[in-house]
Amino acid sequence: MPDNGEVIISIRNLSRKFNSVTAVDDVDLDVIAGEFLTLLGPSGSGKTTVLRMIAGFEKPDSGTISLAGKDVSQLPPYERDVNTVFQDYALFPHMSVAENIEYGLRVKGVSKVERRAASEKALEQVRLSGYGDRKPNQLSGGQRQRVALARAIINRPSVLLLDEPLGALDLKLREQMQIELKELQKELGITFIFVTHDQEEALTMSDRIAIFNKGKIEQIASPQEIYERPRTSFVSEFVGKINKITVGGEEINIRPEFVTIFRTESTAVSQLKGRVKDVIFSGAVTRYLVEADRNPMIIANNAHDSIEVGDQVSISWAKDKEFLVK
Amino acid sequence: MTISRGARYILASLMGVGLAFIYIPLSVVVINSFNSSKTFSWPPTQFTTQWWVKAAANEGVRSALRWSLLAGALATAVALVLGTALAFAVARYTFFGRDLISLLVVLPISLPGVVTGIALNSAFTKGLGMSTGLLTIVIGHATFCIVIVYNNAFARLKRMGSSLQEASMDLGANGITTFRLVTLPNLLSALVAGGLLAFGLSFDEIVVTTFTAGPGIQTLPVWIYNNLFRPNQAPIVNVVAAVLVLLSIVPIYLSQRLSQDSATGGRI
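Just so you know, these numbers come straight off a predicted model, no measurement behind them. (Residues numbered from 1 in each chain as written. Chains lettered and ligands numbered in written order. Predicted model: local features only at pLDDT ≥ 70, side-chain atom pairs only at ≥ 80, totals over all residues.)

**Q** How should I be thinking about the overall build of chain A in this particular structure?
**A** Within chain A, the secondary structure is distributed over eight helices and 17 strands. Buried positions account for 40% of the 326 residues belonging to chain A. Counted over contacts in chain A with a minimum sequence separation of 6, partners at least 24 positions apart contribute 64%. (Helix = DSSP H or I, 4+ residues; strand = E, 2+ residues; numbered from the N terminus. Buried ≥ 20, exposed ≤ 12 C-beta atoms within 10 Å, placed from the backbone. Contact = placed C-beta atoms within 7 Å.)

Okay, here's the thing in structure tokens:
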């Protein structure tokens, strides 16, 4: 996250309807120069429409989008200093990898020699040196992804828009690309606006996350704050797992991994007592499903050899990990 | 899908019969064009190229061939421009009556040629006061040539999706540059395939042509029809028929090759 806090994109009262469906509903959003901002939400929540309006593929019904202080909401895509990495990559099938990457420079009239030098550098940055002469259909999904990235960053846009760029990749490649994207973003210092519906991806990569629901932003904050202090019930349920329990007439929300579980005969102070209904081992953590004072709870902890299904257990958590939501 | 051996034999023989029905008569026409007997006695006893030489020297045939090529080329050109424009409008934009327009564009291919012919003839001569000639043939042929181009272009545009154009505009290219550098190169093989098919259709069309050609112009099929019942012309008619068959194969073959080549290259 940059220190100066300069706003590069400022969105005010942005709305967009498709037929009678409101896709984006009066959204305000400030994007800070150099940050990695993720727009996170379920499909149909409006995140992609906001991204497409920033790119210029959709016109807003009302509201403004300012890029570096200038209202661009009515400008065509080719007059905006932003570039997009598309979900389906949208590589030009009739051009080689190098021609794809050089396209932006070519239409700006940059000479062939300069273009070639720039595309070689861009290929290097995405670790695809030597692939310039191939055609897109000779590349794997992950390689196409990198070409799409190189084609965008070669233009040095002030903002890079990424529309679910990792959606088509398998899990291993996805995790690797998450790290690479993050590193590339730091290295280039370009503002990234990244759209995804994958909450884990959002938590891993972002400086800030904006959570979209039904065309509105429910909360915008750092991943940690989103996770530990979700402001609305939608955010708390969309990001991570949540226990909603009633203790002494009071509603409490607590994340599964902040709850400790121990056998009843232990001397530790407990907040609730319950019975273990199921134990699910999944590698690094073990999940316990516990019925505690008529509250079904999920508890995620390190494996606890001695606890088995049917055991009476005590559970407790640090008071400051509880939170209330709207 | 797996099919039993018996079913396979039945299907294979049915296919054989079907193909034989179409191609044996056509090959008889081609063989007979080299048959030295003027009455096409079968089997042919002697090979000759004299009918081909005579046909090539025949002024009626040469003029008919020129008219056919000219009408085909012009109708195809008109169809390419209008069919592509229509395909763009329907594939890329939403507007009131879009589905209806799509239907209206495709409909002429299934209308009986005789109806189209009569309708066009009365529209040209009575409605517009035009005299029939090359222009009316071209318009008549364009009505069904457009369908072919439109269908090819529309299918390709749909498969291409809009993200290639969006990517191009996103990278700084305006609409015209995008069309020139991205859309057209990806559309081209579909347009050539559609154009060849359209030309093939126009080249051997007879019904609409009869009603729109007027007295001065004979295309090859019309010439064949007019000379069919003159016994001494029979060998030359046969040569012209053979030429029509062979010339029709070329555009269809090329068009199929093009469609296959680009089948995998359309969208990445």
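**Q** Looking at this model, I keep getting lost on the overall build of chain B. Mind explaining?
**A** Helix and strand counts for chain B come out as eleven helices and zero strands. Listed N to C, the secondary structure of chain B is α-α-α-α-α-α-α-α-α-α-α in terms of helices and strands. Principal-axis analysis of the C-alpha atoms places the extent of chain B at approximately 70 × 65 × 30 Å. Burial status across chain B gives 38% buried among its 268 residues.

**Q** Help me out: how do you make sense of the pairing of strand β3 (residues 36-40) of chain A in this one?
**A** The side chains of a regular strand alternate, residue by residue, between the two faces of the sheet. Residues and elements named next belong to chain A. β3 sits mainly inside the fold: five of its five residues count as buried. For β3 and strand β8 (residues 191-196), the ladder comprises five bridges, and the chain directions are parallel. When the bridges of β8 are listed, Leu39 appears paired with Val195. Inspection of the sheet shows β3 paired to strand β9 (residues 208-213) by four bridges, in the parallel sense. By the bridge assignment, Thr38 is partnered in β9 with Ile209. (Pairing = 2+ DSSP bridges.)

**Q** How should the UniProt feature "domain: ABC transmembrane type-1" (unreviewed entry) in chain B be read in this particular structure?
**A** In this structure's numbering, the residues bearing the UniProt feature "domain: ABC transmembrane type-1" (unreviewed entry) are residues 65-255 of chain B. Each end of residues 65-255 of chain B is marked by a C-alpha atom, and these two atoms are 22 Å apart; helix forms 80% of the span and strand 0%. (UniProt positions renumbered as here; feature names shortened; annotations may be inferred.)

**Q** So what exactly am I meant to see when it comes to the UniProt feature "transmembrane region" (unreviewed entry) in chain B here?
**A** Residue and element names in this part refer to chain B. Sites flagged by UniProt as "transmembrane region" (unreviewed entry) map to residues 9-34, 67-91, 103-124, 130-150, 187-214 and 234-254. A helix fraction of 92% and a strand fraction of 0% characterise residues 9-34, whose end C-alpha atoms lie 36 Å from each other. Secondary structure across residues 130-150 comprises 81% helix and 0% strand; the distance between its end C-alpha atoms is 28 Å.

**Q** Is there a simple way to explain the UniProt feature "domain: ABC transporter" (unreviewed entry) in chain A in this structure?
**A** When the UniProt feature table is mapped onto this chain numbering, "domain: ABC transporter" (unreviewed entry) sits at residues 9-239 of chain A. Summarising residues 9-239 of chain A: 36% helix, 27% strand, and an end-to-end C-alpha distance of 25 Å.

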